[in-house]
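# Inside the fold
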Amino acid sequence: MIYFDNAATTKPEDSVLGLAARYLKEQYYNPSALYAEGYNLHLELEECRRSILSHVADADDYSIIITSCGTEADNQAIFCGGRRGNIVTTMGEHAAVFAAATEAGRRGVEARFAQLNADGSVNVENLLSLVDGKTSLVSVMHVNNETGAVNDINAIAGMVKAKNARTLFHSDGVQAYGKLPFRLSGHVDMYSVSAHKIGGLKGTGALIKKKKLVLQPFIWGGGQESGLRSGTENVYGIEAFCAAAAERYNYGRHEVNYNRVRELQARMWELLDKSLFERISPGNGSPYILTVAARGVRGETILHMCNDRGLIIGTGSACSSNASKRNSRVMQACGIGQDMIDGVLRISFNPHNTIEEVEEAATILNEVVETDRELTE
Ligand code: PLP
């Protein structure tokens, strides 16, 4: 089986699984307990938080709240950061932000959605025109999960602050953390990340936040995560997240991986038959995602035909649990024409993928789309 749906989730690293098993079997104590076994775990988790944060931000300026997933981190940012006036976000956001902002709108905070460019990046001019004196929060995703377009969040956050210094800036970094070489500038107030996109386990994410930023708790209870997100810590998940992030970042591996994955993405595009496929992903986007559209066929049909031949890929709206949802909002906002929108396919990579897998996958994709076209003509 060739797996190219890594933007949906990644295979956990073997080392991470071994580590998680150890914490489940042997170190099962509650980190809030007063005996040494519990307290030692508490100290270890502190170290994990520091380490997960250190890869993208300075510990002098930022702190971290561990959550159950990227979706929860996004919800915490929207509901705790955008409490008055209006929230400005984009048409390209993952549902975790888009639906949360829409819900905030129903609860009395106006939600405004900025337009996209054709590649899925935000139209910055339009975004800034929506920011005014009453904007409490702006949320712009770092890497678009459907196209791979990268928003320059440090620069956009700076421009937002220049318009309204009191506006908080959040970014959904779920498809960027562990993948792109970058660090947060002081203008970004909150940043969401998720473990299962980088070889960690499902059930762990985090909201990185400016230390000075005072937030209301998101989940009330025993006061874990500095009182901002109560609940007994998912010890094995946090340890696994920490190990997976270290695996991606230590010794500059994220840069090595970035270049390697760029080669995989380039080779895939080179081998796809240009009479069958059009490229949607921008040339300067994240190399981890290659989104293409096959004219005149249904992406879902192609996905199943590939699946039968041992290749797993995604379609345009693959991050939604509602897999049958047609016509992705994001693709529509990119202006993808009706003749192409049904045939959108997302091929997403992992540093462990090989050129041989790319070559085999491209052959399958070309043959499958050709066959499907012939059958439907
Ligand atoms: N944000 C983006 C950009 C994503 O791609 C995803 C993944 O589906 C999420 C948020 C949600 O993350 P999680 O699956 O950890 O809830």
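Residues numbered from 1 in each chain as written. Predicted model: local features only at pLDDT ≥ 70, side-chain atom pairs only at ≥ 80, totals over all residues. Heavy atoms only, no water.

This part covers the nonpolar core. Counting 46 residues, the largest nonpolar core has L127, F169, Y177, L184 and I208 as the members making the most contacts within it. Within the residue set of this core, elements represented by two or more residues are α1 (14-25), α2 (36-54), β2 (62-67), α5 (124-130), α6 (153-163), β7 (190-194), β8 (205-210) and α7 (235-249). When sequence neighbours within four positions are dropped, the list of residues in contact with I208 reads L53, V56, Y62, S63, I64, L184, D189, M190, Y191 and V193. The next biggest cluster of nonpolar side chains, apart from the first, holds 28 residues, and it includes I2, V261, M268 and A294. (Core = buried A, V, L, I, M, F, W, Y, C linked by side-chain atoms within 4.5 Å. Buried < 20%, exposed > 50% of the residue type's maximum accessible area, 1.4 Å probe, protein only. Helix = DSSP H or I, 4+ residues; strand = E, 2+ residues; numbered from the N terminus. Contact = heavy atoms within 4.5 Å.)

Turning our attention to the side chain of N151. Mapped onto the elements of the fold, N151 is located in the loop between β5 (135-139) and α6. In this structure N151 comes out as buried when scored by relative accessible area, which is 4%. Engagement of the side chain of N151 in a polar contact is seen with the backbone oxygen of M141, the distance being 2.8 Å. (Polar contact = N/O pair within 3.5 Å; in protein donor to acceptor, adjacent residues only side chain to side chain.)

Let us now look at the packing of aromatic side chains. For the structure shown, the criterion picks out seven aromatic pairs. Look at Y29 and Y35: their rings are 6.4 Å apart centre to centre, the planes differ by 75°, and that puts the pair in the edge-to-face class. The exposure class of Y29 is partly exposed, given its relative accessible area of 24%. Between the aromatic rings of Y177 and F241, the centroid separation amounts to 6.0 Å while the plane-to-plane angle is 70°, which identifies the pairing as edge-to-face. Of the two residues, Y177 sits in the loop between β6 (168-172) and β7 while F241 sits in helix α7, which places them 64 residues apart along the sequence. Y177 sits in the buried class, given a relative accessible area of 0%. Taking relative accessible area as the criterion, F241 reaches 0% and is therefore assigned buried. Following the ring pairs from residue to residue traces out a cluster consisting of Y28, Y29 and Y35. Taking NZ or CZ as reference, K274 lies 4.7 Å from the ring centre of W269, over its face. (Phe/Tyr/Trp six-rings, centres within 6.5 Å; stacked < 30°, edge-to-face > 60°. Lys NZ or Arg CZ within 6 Å of the ring centre and 35° of its normal.)

Time to look at the domain arrangement of the chain. For the chain, the assigned domains are domain 1 (2-9 + 252-376) and domain 2 (14-250). Using C-alpha coordinates to define each centre, domain 1 is positioned 27 Å away from domain 2. Taken together, the contact pairs 31 residues of domain 1 with 32 residues of domain 2. A combined buried area of about 2500 Å² lies between domain 1 and domain 2, and 52% of that area is made up of carbon and sulfur atoms. Among the residues domain 1 hides against domain 2, the three largest losses belong to R253, H254 and R329. Together they make up 24% of the total. If you look at where domain 1 meets domain 2, you find zero salt bridges. The interface formed by domain 1 and domain 2 holds 18 residue pairs in polar contact (both at pLDDT 80 or more) in total. Looking at the side of domain 1 that touches domain 2, the elements that each hand over two or more residues are α8 (253-271), β10 (289-294) and α10 (329-333). Broken down by element, the residue count for the side of domain 1 that touches domain 2 peaks at five residues, all from α8. Broken down by class, the residue content of the side of domain 1 that touches domain 2 amounts to 13 nonpolar, 14 polar and four charged. (Domains from an automatic or database assignment. Buried area = accessible area lost by both parts, 1.4 Å probe. Salt bridge = Lys/Arg side-chain N within 4 Å of Asp/Glu carboxyl O. Nonpolar A, V, L, I, M, F, W, Y, C, P; charged D, E, K, R; others polar.)

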